Amino acid sequence: FIYTLSPFIHSPTMSAVDLQPMQQTNNAQDLVANGNDDNDAAMTTTHDEYATTYTELSALQAAGIAASDLKKLTDGGYHTANSLLMTPMKELEAVKGLSEAKILKMRDAAREVVPGWQAGSSKFSIASEIVRQREGQIVRVSTGSTAFDAMLGGGIETKALTEIHGESNQGKTQLCYTIAAASMLPPAEGEPSWKAGKVIWVDTEGSAVLTRIGEIAEERWQLDKQSVLENVMYARPYTTQQLDELALQMGATCTQEQVRTIVVDSIINLFRTEFNGRGELAERQQRLKTFLMRLKKIAEEHNVAVVYTNQVSAKPDAMSFGPAFNAVGGHVLFHASTFRIQMKRGRAGMKVAALETSPCLPPSTAEVQVTSGGILDA
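Before going into details, it helps to say that this report is about the structure given with it. (Residues numbered from 1 in each chain as written. Predicted model: local features only at pLDDT ≥ 70, side-chain atom pairs only at ≥ 80, totals over all residues. Heavy atoms only, no water.)

## Structural notes on the nonpolar core
Thought 1: Counting 36 residues, the largest nonpolar core has Phe148, Trp201, Ile213 and Met343 as its most contacted members.
Thought 2: With seven residues, helix H7 (residues 172-182) is the largest single contributor of residues to this core.
Thought 3: Contacts of Ile213, omitting those with residues within four sequence positions, involve Tyr177, Ala180, Ala181, Trp201, Val228, Leu229 and Val232.
Thought 4: Counting residues in each nonpolar core, the second largest holds 30 residues, with Val202, Val259, Phe291 and Leu292 among its members. (Core = buried A, V, L, I, M, F, W, Y, C linked by side-chain atoms within 4.5 Å. Buried < 20%, exposed > 50% of the residue type's maximum accessible area, 1.4 Å probe, protein only. Helix = DSSP H or I, 4+ residues; strand = E, 2+ residues; numbered from the N terminus. Contact = heavy atoms within 4.5 Å.)

The following block contains the structure:
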């Protein structure tokens with residue numbers, strides 16, 4: 001299908017990630033469980049218990065919500081029962097054709113069908129249960145480097161926002177290509193079939209060379225290049241309004257497809273282009289914050305890894321022993337990012353990946369190299 005407004009484009013023939021190593025001639029491996037059970041609208045969670053982490057919007061019909069009202073919600077960009085509980089009332093009231101009374105009724109119905117909300121939003125949960133759920137849900141996508149993965153505790157986490165910043169030509173986009181290819185790797189023995197998934201690539205700079213994803217997957221992991229590319233959904237927004245519209249479409253896509261990773265390259269480009277000077281800084285930061293919060297909700301709701309690159313700005317007055325640049329986006333971007341990684345020059349043409357901030361890991365570095373097969377250990 002093609003989204004005509006700010007299009008995601010991908011092959012209409014692929015209903016699930018279905019890749020085959022080049023050296024094999026048997027039937028292609030089905031890497032992602034279908035996950036669609038018409039008799040179980042509330043798709044909550046065995047590894048299979050965590051195949052989905054959201055409750056379908058159709059589950060609200062059993063609570064007396066009209067199908068026509070649910071259609072209005074989907075038209076407004078809300079595609080799961082969880083989204084009703086994760087969105088402020090004033091935003092839901094902007095959905096055309098829904099009154100405050102209807103929205104309140106829908107939210108009450110959502111609390112009844114979404115696990116963890118049955119007692120209302122004020123319910124406390126036991127920490128041990130939260131940890132058990134998290135361990136069953138989190139997937140870690142490889143960066144292509146064992147040292148890099150070890151620094152991150154196993155790889156790029158789902159349900160998190162990972163920022164990659166640095167000067168030009170330091171391997172940020174090459175790292176994203178490698179992560180995208182690794183998102184489709186067949187699960188190892190004992191891992192859930194839904195570990196692998198498709199990739200959404202949002203190209204705000206118009207610089208993506210998508211063939212690199214297929215080339216890396218073919219060279220590193222012997223996956224069929226064409227099949228890999230058929231599982232990448234691409235969008236090229238030109239304005240921040242289109243970027244906001246894409247955020248709504250991402251939610252819809254994640255309910256229809258098994259998406260594992262969302263890449264935005266870069267997160268700040270369109271905001272820097274449209275909002276100039278200090279007079280527009282407050283509006284820019286508020287719009288950026290809103291977009292980041294939408295990405296965070298998608299990551300948590302659909303168990304997706306969100307990775308975005310970020311630009312830097314020079315510090316002309318920096319001391320010779322201090323950093324010569326700052327990551328752009330200010331405190332808004334700093335606080336929104338779960339993990340913050342800087343890519344910088346290393347010795348003899350190598351690159352250094354530096355983990356700057358994390359909620360659970362110490363600052364650390366890993367030396368890597370950029371090759372035709374993506375990111376590798378130095």
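## Remarks on helix H1 (residues 67-75)
Thought 1: Within H1, the full set of buried residues consists of Asp69, Leu70 and Leu73. In a view along the axis of H1, the buried residues occupy a sector of 100 degrees, so they form one face of it.
Thought 2: On its buried face, H1 is in contact with helix H2 (81-85) and helix H4 (100-113).
Thought 3: Positive backbone phi, at 100 degrees, marks Gly77, one or two positions downstream of H1. (Arc of directions from axis to C-beta.)

## Digging into the side chain of Thr371
Thought 1: The residue Thr371 is located in strand S12 (residues 364-371) in this model.
Thought 2: Its relative accessible area of 19% is what places Thr371 among the buried residues.
Thought 3: Contact partners of Thr371, with chain neighbours within four places excluded, come to Arg212 and Leu376.

## Brief notes about the sheet that holds strand S6 (residues 259-265)
Consider a sheet: its strands pair through backbone hydrogen bonds, and that pairing is either parallel or antiparallel.
Thought 1: One open sheet holds the nine strands; their spatial order is S5-S4-S6-S7-S3-S10-S11-S12-S13, and the pairing between them is mixed. The open sheet has two edge strands, strand S5 (232-235) and strand S13 (374-377), and neither has a second partner. Going across the sheet, the axis of each strand differs from the next one's by a mean of 25 degrees, ignoring polarity.
Thought 2: Packing of helix H10 (residues 240-256) onto the sheet brings it into contact with strand S4 (198-203), S5 and S6, and relative to S4 it is tilted by some 175 degrees. (Pairing = 2+ DSSP bridges. Axes fitted to C-alpha atoms, helices over the stretch in contact; angles between N-to-C directions.)

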